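# Summary of structural features
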Amino acid sequence: MLIFCICKVEDPGCLWGRVLKGPGLQGENEYNDLQVKMNLFYHEVDLDVQKVKPTTLEEGQLCVVFCPAMRSWCRATVESLFLGSVRSQAMCFLVDHGERVIVSTEDVRAPLDKFLQLPFRMQRFQLARIHPMRLKVSICHETAHLVPSPQWDRSATKYLHDLLQASTLVEAFLCETHANCTAVELYLTIRNVKICVNDDLVVKKFACFSSGKAMARGEQSGSGDHSPTSLAWDDIASPHKILEMNGCCTVRPPHSRFLTRRGMNDKYLSRKYCFTWSDTNESWCVVYIFTDLFVCVKHSGTRDTHDNNTELQEPAFCQGPNTTDQLVCARLLQLLNPDPLNLCLECLDDNCSSSGVLVHSVVPISPCSSLSRAAITPQFRKFLLRRKYSGPNLAESYFWPAVARGCDTLLVSSGGGDPLSYLPPLLAQLQLASVYSTFTAHTGPIAVILCPSWEKVQSVLELLEHSQATGNLRPAAVLLGLGKGEAKRSKIHTNCQLLVTTPFSLSRLLEEQCFQFLRLCHLVLDEAHELFSRAPDQMAAILEYFKKVVSREETGTCPRQMVAVSRHWSQELEGVVQEHMLNPCIIVTVTEEAALYGGVHQMVLLCLECNKTSVLLSSLDFNPSIPQKTLIITNSAKEVEHVYKAVSSAAVFSLKVHEGLAYQFDFVVEQWKKDIDPGTQVILVTTNDCMKALGIRDATCVVHYGFPSSPKLFGNRLFCMSDNFRNLSEKVGSSKGLAPTVRSVLILSERNARHVSGVLRYLRRAGAALPSELLQFAQGVQQAREEQKTDRVLCSHLKSLGFCRDSTLCPDRHIINKTLDRPLHPENGTILVLPLYIKSANVYYGRIVKQKDDPYEILAAEMCSHYAKERLFAKEVVEGGLYAVQEEDIYSRVHVTKVPDRRDQLFSSVTAHFLDEGRTQEVKSHQLLQLPPEFQSLPSQAVEIILCRAQPIDGEMDWDPKVTRVISLKIKGKLHQAKVVMCLGNTVWVDPMIRMTRLPGLKTVINEYNVHAEVLATGMGTTNPGHLELLRALCLGEFEAEAPSLEQRVQAAEDVLANRMKAALVSVLNWAQKNWYCAVCGLAVGGCHIAKILLARVRKYRPHRDDTVGIIKSNLKFFLSFFFFCSPPPPPPPPPIFSFHPQIKWFQAKETVTLRVKLLNPINQNCEFFTNRVLYSAYVNNRRYCANLDLHSDISMDQCSWEMNCNEPVIKLVKKKKGEWKSLLKYKSYFVSYDFDHFEDEEAPLSKPVSNGMHGIFVKLNTN
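Residues numbered from 1 in each chain as written. Predicted model: local features only at pLDDT ≥ 70, side-chain atom pairs only at ≥ 80, totals over all residues. Heavy atoms only, no water.

Going by an unreviewed UniProt entry, the protein carries the name RNA helicase and comes from Electrophorus electricus. In UniProt, the protein has this text filed under Catalytic activity (unreviewed entry): "ATP + H2O = ADP + phosphate + H(+)". (UniProt positions renumbered as here; feature names shortened; annotations may be inferred.)

## Quick notes on the state of the cysteines
If you walk through the whole model with that rule in mind, you get zero disulfides. Of all cysteine sulfurs in the structure, the one in Cys74 sits closest to Cys67, which takes part in no disulfide; the separation is 5.2 Å. Cysteine Cys1167 remains unbridged, with the sulfur of Cys1200 as its closest cysteine sulfur at 8.6 Å. Judged by its relative accessible area of 12%, Cys1167 is buried. (Disulfide = S-S within 2.5 Å. Buried < 20%, exposed > 50% of the residue type's maximum accessible area, 1.4 Å probe, protein only.)

## Examining the packing of aromatic side chains
What describes a pair of aromatic rings is the distance from one ring centre to the other and the angle between the planes of the rings. Applying the stated criterion across every chain, the model contains 14 aromatic pairs. Judged by centre distance (5.5 Å) and plane angle (35°), the ring pair of Tyr159 and Phe206 falls under tilted. With Tyr159 in helix H2 (residues 154-166) and Phe206 in the loop between helix H3 (197-203) and strand E13 (207-209), this residue pair connects regions lying 47 residues apart in the sequence. Taking relative accessible area as the criterion, Tyr159 reaches 1% and is therefore assigned buried. Classification of Phe206 as buried rests on a relative accessible area of 5%. Here Trp569 and Tyr597 contribute two aromatic rings whose centre-to-centre distance is 5.1 Å and whose plane-to-plane angle is 80°, an arrangement assigned as edge-to-face. On the criterion of sequence distance, the pair formed by Trp569 in the loop between strand E23 (561-566) and helix H17 (571-580) and Tyr597 in helix H18 (residues 591-597) is long-range, its members being 28 residues apart. The exposure classification of Trp569 matches that of Tyr597, with both residues buried. Linked through ring pairs, Phe41, Tyr42, Phe66, Trp73 and Phe115 together constitute an aromatic cluster. When the ring centre of Tyr705 is taken as origin, the NZ or CZ atom of Lys612, which lies over that ring, is 4.3 Å away. The lysine or arginine in question, Arg847, covers the ring of Tyr856, its NZ or CZ lying 3.4 Å from the ring centre. (Phe/Tyr/Trp six-rings, centres within 6.5 Å; stacked < 30°, edge-to-face > 60°. Helix = DSSP H or I, 4+ residues; strand = E, 2+ residues; numbered from the N terminus. Lys NZ or Arg CZ within 6 Å of the ring centre and 35° of its normal.)

## Focus: the environment of Leu81
By the secondary structure assignment, Leu81 is in strand E4 (residues 72-83). Under the relative-accessibility criterion, Leu81 is labelled partly exposed at 36%. Separated by 24 residues in the primary sequence, Leu81 and Thr105 place their C-alpha atoms 8.6 Å from one another. With residues near it in sequence (within four places) discarded, Leu81 still touches Leu57, Glu58, Glu59, Gln89, Ala90 and Thr105. (Contact = heavy atoms within 4.5 Å.)

## Points about the side chain of Gln1148
Locating Gln1148 in the fold gives a position in strand E44 (residues 1144-1148). Within the local environment of Gln1148, its side chain forms a polar contact with the side chain of Lys1215, the two groups lying 2.8 Å apart. Of note is the side chain of Gln1148, whose polar atom sits 3.0 Å from the backbone nitrogen of Trp1221. (Polar contact = N/O pair within 3.5 Å; in protein donor to acceptor, adjacent residues only side chain to side chain.)

## Here's the deal with the packing of helix H16 (residues 536-550) against H17
The N-to-C vectors of H16 and H17 enclose an angle of 15°; their axes lie 12 Å apart at closest approach. When the interaxial angle is binned, H16 and H17 end up roughly parallel. Of the two possible hands of crossing, H16 and H17 adopt the one that is right-handed. For the pair formed by H16 and H17, the contact residues are Leu543, Glu544 and Lys547 on the first element and Val576, Glu579 and His580 on the second. (Axes fitted to C-alpha atoms, helices over the stretch in contact; angles between N-to-C directions. Parallel < 35°, antiparallel > 145°, perpendicular 65-115°, else oblique. Left-handed = near helix turned anticlockwise from the far one by under 90°.)

Following this line, the structure appears as structure tokens:
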């Protein structure tokens, strides 16, 4: 039995209500959320009303209308259309509220698909098994009989209404479902007495039970009951008398909405089925309303004409189609979508407008979202269609037209790493051969695409080749190494007009073959932010060369063009736009990146949750010198009311709006857009959802009172100031006035400090001044995340290179795990290794060969002996199983890692890992042999071998396949002698690794080659001197942390404060007592774990409870200030911070000394200069490096400087006195050495130190 709520009674055959309790019901919150979403969407200020209007409007159509009584947009169905006094109007029934409203047809909106997911909240019910009765009076015979009637008597409706008023519980049984309503047996509980309304109406002679045969007999006889009958309850009977006669007590007064009287609008209210006549089919179209969908079903019928003197005949009672058939038919009709809704609604739902796109361009750009109308070549369009390309997307719809027109264009988009974002229009522009007819005297490429890595170069070239749409461009790729003369020997074929390369390779080409690029007039920067991050010097040289080439007089008729695509905005891109682009077109589709481009000043305020309002008020300028429009954004309507109450008391003009005040959007926007005078501050307090609907773009300040849950939401908030962003496309001095300074204020409290890591990186890029407490907190969070990766493998880049490019995004582990990294092989000494699988140029898999009792040889012999006697193939291959595979005469153990679905295939392949070789490849499943248990228990013989001090050139993280192929051919399957320098788990690091060959007939052994030298000889590898030191520092970090841990800080604080407990200030104790509750709440939110640690350790000093509480109170303020950023007293001194000394190489000239600190991509750098000392500190991979250099002689500290060069810090010292230094430092240091790669040619011979810069041992180097 279901519990109902009857909201409206038209008659016993038409009850509007909803189910309160029953299976499969939607929650109350879901309908409230739907109401909020509809209000935000249809109240949106920038909404194009014409796009959300239905194309046609007819009876029975589902729509959305505004209800003035509820001040909300509601789902409704059109019941009738009629002509009003001014314009046409529609009577609509609100399907979620059971009310009827009359609205203008101009105010009707079409619903979005997402607004139709929930079933209608209000349903129509009728009483089952009964039929209305009426009193038939014959004047001639002076008799009265009760006969079936087509409609209910008003006295029956009033009686049912009074029963519902007196009831305390309404329940029902679902009997059957008709097309437009559900028949129920209604039960009411009145003073603990449950009655069935259906039976009660029959007993009271208001109705009779429905039966086809009985009704037929009744019609034939002309009566259902021949005895004269007088109604017990007339139309004016008092409901209190009815209740008293039913044995019930007096109940709540009647509610006007329960009873709807039919008056002049009876012609509309009597239509329960929404009939529509079809002239084509000569039939009635009946609109049925189901609980979860809305469909139209046609039933044929003819018009019946009745004589005025003929009595209205009783309708026939026939059984309709069952529920299953109706649902199937309804879903089919819904799939076919018979309603001609506007096709642009999906676009509106996806927010495909320009609201989130920043376009700054001198030339107007019209977006093109259709692939058929895009300005690309027909060949490339066919290629995109073959790839089932779904674009152009939002960014490409603006970017493609700008590139096709030949404009200097910059795109910052989340898809900036996809070559398809710029290649289609670029190829169309390059294939206009007539443009380059004046350059026939020169040869060489006309366009160059710069990519950040060799992998991207190959992917772009493959895409160009597969497209088959390059025509006569003949694209080619060039990747040059460091080999002597390699750039000079490299040749670009004559017909190549499109070159794909990296900045390092192009800079090497320009040094040797600059005349090959005299036709260059198109420069494309793929992933521009990565290009400037990895090769800043090379990019600067390339841009200067491009500027000189395109500025020559003979290139005046050539349309020069520069295209830059990036995922992030960087400071270097500002210089590209201002110095190397003419009339640039700047397109930014990522809102948070648009804020960086726009120069938003970021400010971070730290406070307690209880002090957020006061901190907010202190950050606002209520008397500004220039007009200010401040937007305060919260996360809930409750916060809006709280903040507005505080702000309105101080601000002259303040506004508020939230989801409950959506009907005030137009008024708020009208007030916001009014012109204001200088010294005026307009403040608007709103929520995240309302912010989008308001469409504000001219704010000057955004205050984040509520913490943004994601960087995207953070960017959407900042985009409210987009009209005041700086415009780099405008020429200097062209703007009429200076744009106001836009700023963002982020308020952080203890409740959201732990979630600040996602925004912290963005704030660093914005150049915001970050508090040191926040940085320490974020560093602790990152350390905690690393500790959660203890079950993952050690980072492959960390092992092969000694560092990881971005440990915050890398999913692998970057700390030592004592269990997983326990050495399984010798940690030092000389071993014989046999490489069998070459993974990269310095990472191999093979075996450690022992001269006596080699375990692999024993295993191989036993397996050969076993399978020579018995070969049993695997009957069932399962993932994770161990099997054997025969390759020629060798049997290998394999571990199946992936078993694909065979389906109906007779033969299939599985992915298997060779346990004794380390390689992974596919093998045929029918070739797998059963592996006996005695061979399964033996450990894997494959060992990971890493060659130290070798890394790819140009800052690459991965080796070029050409280098791997050369090394594989050189060393695979050959025995090498190697010296082990470190071992972790199943990985050994070797340096050197030499191939030794014994001369035949002699006892002499020669070194055939050194693998490290072979890697460098390819020209694609370079020395990695800090590899071993970084690995040792990683191992050392297992025992010595870079900074005190959280527990160490807590321990230090406890010790100091416990010793000073007796001498504590009375004011501190009073503060702890007054703020005890607030402080405990703060700890409960953000530091429960810290509080537990504090309590446990303090009890060591004071076992009694009273003393413990006193210590906690005295420590409380310090903890809140340390972790939750309140104003603290002077903190106790922390334990000493452990740091590592970086490796430094130096060389000198007559006036300067240059130091190269061998740290790759350090962060948080600090360099201080003194007269005879230099202090440098930085962090790399969460480890602190510090160098305190006590110099040999004095320097001019005001003229000294430092910079980043090739991703390494370079310190330049200016000597106070000209001359040659005998050494760099006064005292010996093993971390400092002379850089012999730099020699200064001078007239007189220089003396070069051969030591590491510690003492005065020199040799004369003759320059002749």
